[in-house]
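Understanding the architecture of this molecule
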Amino acid sequence: MNSPSATSPAFDADVLVVGCGPVGVTAALRCAQRGLSAIAIDRSTTIYPLPRALAMDEEIQALFERAGLLGAIEPHLAPLPGAEFVDASGVRVVGFELPEDTVGSLGHPPAVVFDQPGVERALREGAVAAGVDLRLGLTVTAVEQDDHGVTATIDDGTALRARWLVAADGAKSAVRDLVGIEMVDQGFDQTWLVIDTTLLDDTLELPRLAQQRCDPARMTTVVPGPGRHRRWEFRLRPDETREQILEPTAIEALLAPWAGPDQLRLDRSAVYRFHAKVAETFRRDRIFLAGDAAHQMPPFNGQGMCTGLRDAEMLAWLLADVTHARADDSLLDTYDAERRPHATEQVAHSVDSGLLMEAIAHQPAAAALETGYGQRRFPRRRGPLVTGDHPLAGGPLPRASRPLSLPDGWVLLHTVTGPTPGSECVPAVVTTVAVDAEALPLLVSDTHSTLVRPDHLVAAVTDDPTGAIARLVLPTLPTESSHS
Ligand SMILES: Cc1cc2nc3c(=O)[nH]c(=O)nc-3n(C[C@H](O)[C@H](O)[C@H](O)COP(=O)(O)OP(=O)(O)OC[C@H]3O[C@@H](n4cnc5c(N)ncnc54)[C@H](O)[C@@H]3O)c2cc1C
C-alpha cells in the first residue's frame, strides 16, 4: 500500500467522500490504498438497517480480494446455487443452476448471496485500517467549488475542503441536487415489500434457487440468503398501501403459502419504489457521482450495489493518477464517458428482468421468451479506455491458471516466448509483464498481448499493442515506473 500523499495545508484531504454506504466507503478505501488522503462522512451514525442488497457478482468479489478485504467479508457470503423464473404454478420457464463449488473465470463463485449490514461493517473497518478518516453523524448541506478544490459545508457549522468530492450519498443525493444534476427516468416504477427472515424449521421446503415467481395475482421473489437467512419480495397491488402491507398480519398472510409463523422469524421489512434512473452526467467539475446517487435500478438482477462499486473502483485510480500528476485532468473525463453508458445498460438489463416477469405472468412461456426480455448480454465497458472488439475487452481480467502478481498501474501482458516489447512501442506508464501463454491462453499468445488497466479491466487484446495504446486515453505524463 502506498503512503498517503502530502496534503496541502489548504485541503483537509485529497478526497472527500459524502456517504458511507457500500459505494462511498469502498471509494474512500480504494483512494486511500492508492495513496490519497480521504475523509468519508455520513449523516447517520449507524449502518442502514433495512433489507437491501443480497447478491454480489464475481467481479465484485475480485475487487474485494484486490482490496485485501475478501477474508473479512467471506463469513457474510454464501454461493448462490442458481436462479429461475417460474410461472404461477411454479414451473420453470427459464433459469440456471450452479453446481456447488462452481468457480468462474475470475476464480470465485459466479454469484454469492450476502448480508449487507455485515459486509458494510467489514468495509468500514477495512477503510479505517487503510487510513480513511471516517466521520459519522455529519450531513453535507452545501457545496462550492473553484479551480483548485471543493468546499463542503457541514451541518455542525464547520466546512471541509478537498481536491475532489465523491457524492455517494444515495438515491436522494443532496450533493447531486446541490450541483443541479438531473436524473433521467428510464421508465420503470413499481412498489414492492421486502422481507428478511431467519429460517427456524429445517424441514421447511423452500425454493433452493433464487426464484422469481411470475404470478399475475402477486409477483414474488424468494431468495435463499446466507446461512438461515431467507428473503421474500412481494409486489404491491395498485389498491394496497405501504402502511397496510407492513402490518404484521398482512406480512403473515403473504408468507402463509410458504411458511407458518413458528417456522420463520421476521427480522426486518421495508417497502421500496423500484426505479430505473440514471444521472444526466456523473461529473460536475471536481464533483463525481457514484452508486445510487448516479443510477438506480430495480433489484431483480442484484446489480445496484455492484454497479456502484464499479464506479468506486474506477474513480479511485483516476483520481489517484491525476492527483499524483501521472496524468492530466482530461483523464477524469473518462469516468462519465465509461461509467454512465455502462450503468445505463445495467439499468436496462434489470428493467428487462422486470418485463420478463410480466411477460411470463401474462403470456404462455414460449411467447414470453419470444419477447427477448432477459436475453441481453451482461454489458462490457466501452469508451476511451477500452479498444478493439475482442470479447474479453472491457471486462475483468480472468484469473491466470498460475500465480500472477501485477504491478500497480497499466500493464502489458505478453508471452514469455516472444520478445519483450520495448520502450519504442510501450510508453513509460505501461509496465510490461511476461506471462506463460498457457496461464492465460485467451489473452496471451505468440501473436497477441493484453493491455490491462489499473482497475484490472482488459483494455485491449491485440496483435498491435502500439496501435492499441495510441487509440486509448493513457496518462501522458512520465512516471518512475520501469519496464520489467
Ligand atoms: C430490495 C433491494 C434489494 C437489492 N438487492 C441488491 C442486490 O442483490 N445486489 C446489489 O448489488 N444491489 C442490490 N440493491 C441495491 C443496493 O442496495 C444499493 O445500490 C446500494 O445499497 C447503494 O449503495 P450506495 O453506497 O450508493 O448508497 P447508500 O447505501 O444509500 O448510502 C448512502 C449514504 O449516504 C448518506 N447520506 C445521504 N445524504 C447525506 C448527506 N447530505 N450528508 C452525509 N451523508 C449523507 C446516507 O446516510 C447513506 O449512508 C438492492 C436494493 C434494494 C432496495
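Regarding the overall build of the protein
When its secondary structure is counted, the protein shows 11 helices and 23 strands. Its C-alpha atoms give the protein a radius of gyration of 23 Å, near enough to 23 Å, the size a compact globule of 484 residues would have. Principal axes of the C-alpha set define a box for the protein whose edges measure 70 × 60 × 35 Å. For the protein, the proportion of its 484 residues judged to be buried stands at 47%. A sequence separation of at least 24 residues applies to 72% of the contacts in the protein between residues at least 6 apart.

Describing the sheet that holds strand β4 (residues 77-79)
Within the open sheet, the 3 strands sit side by side as β3-β7-β4. Their pairing is antiparallel. The open sheet has two edge strands with one neighbour each: β3 (55-57) and β4. Each strand of the sheet is rotated relative to its neighbour by a mean of 35°, with strand direction disregarded. As paired elements, β3 and strand β7 (residues 111-114) share 3 bridges and run antiparallel to each other. Residue pairing across strands places D57 opposite A111, the latter belonging to β7.

So, the sheet that holds strand β20 (residues 410-415)
Strand order in the open sheet formed by 4 strands is β21-β20-β22-β23, and the pairing between neighbours is mixed. Taken across any chain shown, the strands that pair with only one partner, and hence form the sheet edges, are β21 (430-435) and β23 (458-462). Each neighbouring strand pair of the sheet contributes to a mean axis angle of 20°, computed without reference to strand direction.

Re the domain arrangement of the protein
The assigned domain composition of the protein is domain 1 (13-78 + 113-185 + 276-348 + 364-370) and domain 2 (381-484). Computed from C-alpha atoms alone, the centre-to-centre distance between domain 1 and domain 2 is 27 Å. Taken together, the contact pairs 17 residues of domain 1 with 15 residues of domain 2. Broken down by element, the residue count for the side of domain 1 that touches domain 2 peaks at 5 residues, all from helix α9 (residues 333-362). When its residues are assigned to classes, the side of domain 1 that touches domain 2 shows 8 nonpolar, 2 polar and 7 charged.

Here is what the cut-offs are and how they apply
- Residues numbered from 1 in each chain as written.
- Predicted model: local features only at pLDDT ≥ 70, side-chain atom pairs only at ≥ 80, totals over all residues.
- Helix = DSSP H or I, 4+ residues; strand = E, 2+ residues; numbered from the N terminus.
- Rg over C-alpha atoms; globule rule 2.2 N^0.38 Å.
- Buried ≥ 20, exposed ≤ 12 C-beta atoms within 10 Å, placed from the backbone.
- Contact = placed C-beta atoms within 7 Å.
- Pairing = 2+ DSSP bridges.
- Axes fitted to C-alpha atoms, helices over the stretch in contact; angles between N-to-C directions.
- Domains from an automatic or database assignment.
- Nonpolar A, V, L, I, M, F, W, Y, C, P; charged D, E, K, R; others polar.

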